[in-house]
Amino acid sequence: MKRIVVLLSGRGSNMVALAAALGDGRWPAQIVGVIADRPGAAGLQRAAGLGLSTALVDYRGFARRADFEQALREAIDVLAPDVVLLAGFMRVLGAAFVEHYRGRLLNIHPSLLPAFPGLATHRRALEAGVAAHGATVHFVGVEVDDGPIVAQAVVAVHPDDDEATLAARVLESEHRLYPMALRWFVEDRLRIEGARVRLLDPRPGETRLLRSDAR
Ligand code: GRF
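This structure is a prediction, so every number in the text was calculated from the model and none was measured.

So what's going on with the layout of surface pockets? Which residues, and what values?
Where empty space is left in the structure can be found by rolling a water-sized probe over the atoms. As a volume, the largest pocket reaches approximately 860 Å³. Around the largest pocket, the lining comprises 37 residues; the ones closest to its centre are Gly 88, Phe 89, Met 90, Ile 108 and Pro 110. Among the elements of the structure, α1 (13-22), β5 (105-109), α5 (121-128) and α6 (163-186) are those that each provide at least two residues to the lining of the largest pocket. Sort the elements by how many residues they give to the lining of the largest pocket and α6 lands first, with 4 residues. Residues lining the lining of the largest pocket come from more than one domain, with at least three contributed by each of domain 1 (1-101) and domain 2 (109-215). As for the second largest pocket, its lining consists of Arg 102, Gly 103, Phe 139, Val 140, Gly 141, Val 142, Asp 146, Gly 147, Pro 148, Ile 192 and Ala 195. Tallied by class, residues from the lining of the second largest pocket come to 6 nonpolar, 3 polar and 2 charged.

Give a description of the pattern of salt bridges that names residues and reports values.
For the structure shown, the criterion picks out 16 salt bridges. In this structure, the salt-bridge partner of Asp 37 is Arg 38, at a minimum N-O distance of 3.0 Å. Classification of Asp 37 by relative accessible area gives buried; the value is 0%. We classify Arg 38 as partly exposed; its relative accessible area is 22%. Across the pair Arg 91 and Asp 37 runs a salt bridge, and its minimum N-O distance is 4.0 Å.

A description of unusual backbone geometry should follow, citing residues and the corresponding values.
With an omega of 10°, the peptide bond running from Leu 113 to Pro 114 counts as cis. Take Pro 114: it is sitting in the loop between β5 and α5. Phi at Ala 80 takes a positive value of approximately 50°, unusual for a residue other than glycine. Along the chain, the position of Ala 80 falls in the loop between α3 (65-77) and β4 (83-86). Since its relative accessible area comes to 45%, Ala 80 is described here as partly exposed.

Now, about the nonpolar core: what can you tell me, with residues and values included?
If you look at the biggest cluster of nonpolar residues, it comprises 45 residues, and the most contacted ones within it are Ile 4, Val 34, Leu 85, Leu 106, Val 150, Leu 177 and Leu 182. Counting residues per element, this core draws most heavily on α6, at 10 residues. Per-domain counts for this core show at least three residues from each of domain 1 (1-101) and domain 2 (109-215). Contacts of Val 150, omitting those with residues within four sequence positions, involve Leu 106, Val 137, His 138, Phe 139, Ala 181, Trp 184, Leu 190, Val 197 and Arg 208. Counting 20 residues, the second-largest nonpolar core is a separate cluster that includes Val 5, Val 98, Tyr 101 and Val 140.

Reading the values: the criteria
Residues numbered from 1 in each chain as written. Predicted model: local features only at pLDDT ≥ 70, side-chain atom pairs only at ≥ 80, totals over all residues. Heavy atoms only, no water. 1 Å grid on protein atoms, 1.4 Å probe; cavity = no way out; pocket = protein on both sides within 12 Å on 5 of 7 lines; lining within 4 Å. Points joined across faces, edges and corners; volume = space filled by probe spheres on them. Helix = DSSP H or I, 4+ residues; strand = E, 2+ residues; numbered from the N terminus. Domains from an automatic or database assignment. Nonpolar A, V, L, I, M, F, W, Y, C, P; charged D, E, K, R; others polar. Salt bridge = Lys/Arg side-chain N within 4 Å of Asp/Glu carboxyl O. Buried < 20%, exposed > 50% of the residue type's maximum accessible area, 1.4 Å probe, protein only. Core = buried A, V, L, I, M, F, W, Y, C linked by side-chain atoms within 4.5 Å. Contact = heavy atoms within 4.5 Å.

Structure representation (structure tokens):
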């Protein structure tokens, strides 16, 4: 059984999607803990409601980022995870933290990286006038929203989209993308080769690019 820890800061819809995908019991993996960095994170209550074990490491209780990250590391490592998933975790993590979890720390970001790292990705995609937007699951590197890409979901930008409609379409794709990428990790089918990730033994129809139906 692979042990999964999820870190979040907000509503936790990706965590719920991951838990649902794991819930069918056919994966050799389980979520052993969900940790938030702020008490207001709705995802923490949702995780508790799913019967998952939860913890809070409130970043506001620490004067220095290094101290917060040390406490976070301790909360994670006591759970002995094989993989740590950032799922709407809104803190930039330092190099020492990233290094500690190298190769077993994944993030989901709501854009087709390397386009639009950082915040407000949907607004910036609309402003840039792109026809394709989406989401990326990647191994975490030391730069923000950087690191070897595992898989991407592409969604069309519609002429009448606003930030909310585009965000909703991307989020729906995230809920399929993250479980797909996690499953490959759990099955030991991801190999990092420099800046790239190779999917080992791809099955028919399996690809690192997820497409939503274009309208
Ligand atoms: C998602 O859009 C994710 O890509 C980004 O933060 C958002 C988290 O949403 N990193 P949720 O908390 O999983 O609902």
